[in-house]
Amino acid sequence: MSSYQRWVDWLDEARDDLAAAIDLMRLGRYSKACYFAQQAAEKALKALLIRRLNRYEHTHSVRELLEILRNNGVDVSDELIRVGDELDRYYVPTRYPNAWPSGAPHRHYTEEDARRAVDHASGGLC
């Protein structure tokens, strides 16, 4: 089976990442929950690209994946693009201390951040 036929595997992994985000949020690991929510959305969109367009994209940007879908005839609202922007903010700074002037990344995220990220990822992107 070619990688372009494995959209189900990408979607399955997206769902597992979303479950991890929910578990991490419940444990108070908010930065990690935000990161896994972003990953869930990214992988779900990659699954959609593979399924609908027989196309894999190497980007990690949720917004960019949404724009590619939009540019190829998939109805993607401006609001969804905004959600993609918000989720993209969780890809690097949730994990790397040098993304912040001071303090470990996990100290910069709140329950509200995690809740929004999980809601975005589960509200249509996964």
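Every value quoted in this text rests on a predicted model; they were computed, and no experiment measured them.

Draft legend 1. Main features of unusual backbone geometry. Even without being glycine, Asn-54 reaches a positive phi, approximately 50 degrees. On the secondary structure map, Asn-54 appears in the loop between α2 (30-53) and α3 (62-71). For Asn-54, a relative accessible area of 54% puts it in the exposed group.

Draft legend 2. Structural view of the side chain of Glu-57. Within the fold, Glu-57 resides in the loop between α2 and α3. A relative accessible area of 17% means that Glu-57 is categorised as buried. At a separation of 2.5 Å, a polar atom in the side chain of Glu-57 contacts the side chain of Arg-55. Beyond its immediate sequence surroundings of up to four residues, Glu-57 is in contact with Lys-46, Leu-49, Leu-65 and Ile-68.

Draft legend 3. How the structure looks around the packing of helix α1 (residues 7-26) against α2. Interaxial distance between α1 and α2 falls to 8 Å at its minimum, and their mutual angle equals 165 degrees. Taken together, the axes of α1 and α2 are roughly antiparallel relative to one another. In the crossing of α1 with α2, the sense of the turn from one axis to the other is left-handed.

Draft legend 4. Fine view of the pattern of salt bridges. Scanning the entire structure with this criterion turns up 12 salt bridges. Between Lys-43 and Asp-17 there is a salt bridge whose closest N-O contact spans 2.6 Å. Taken together, the positions of Lys-43 in helix α2 and Asp-17 in helix α1 put the pair 26 residues apart, joining distant regions of the chain. Lys-43 sits in the buried class, given a relative accessible area of 15%. With relative accessibility at 3%, the residue Asp-17 sits in the buried group. Among the charged side chains, a salt-bridge network with shared partners connects Glu-79, Arg-82, Glu-86 and Arg-116.

Cut-off values and rules
Residues numbered from 1 in each chain as written. Predicted model: local features only at pLDDT ≥ 70, side-chain atom pairs only at ≥ 80, totals over all residues. Heavy atoms only, no water. Helix = DSSP H or I, 4+ residues; strand = E, 2+ residues; numbered from the N terminus. Buried < 20%, exposed > 50% of the residue type's maximum accessible area, 1.4 Å probe, protein only. Polar contact = N/O pair within 3.5 Å; in protein donor to acceptor, adjacent residues only side chain to side chain. Contact = heavy atoms within 4.5 Å. Axes fitted to C-alpha atoms, helices over the stretch in contact; angles between N-to-C directions. Parallel < 35°, antiparallel > 145°, perpendicular 65-115°, else oblique. Left-handed = near helix turned anticlockwise from the far one by under 90°. Salt bridge = Lys/Arg side-chain N within 4 Å of Asp/Glu carboxyl O.

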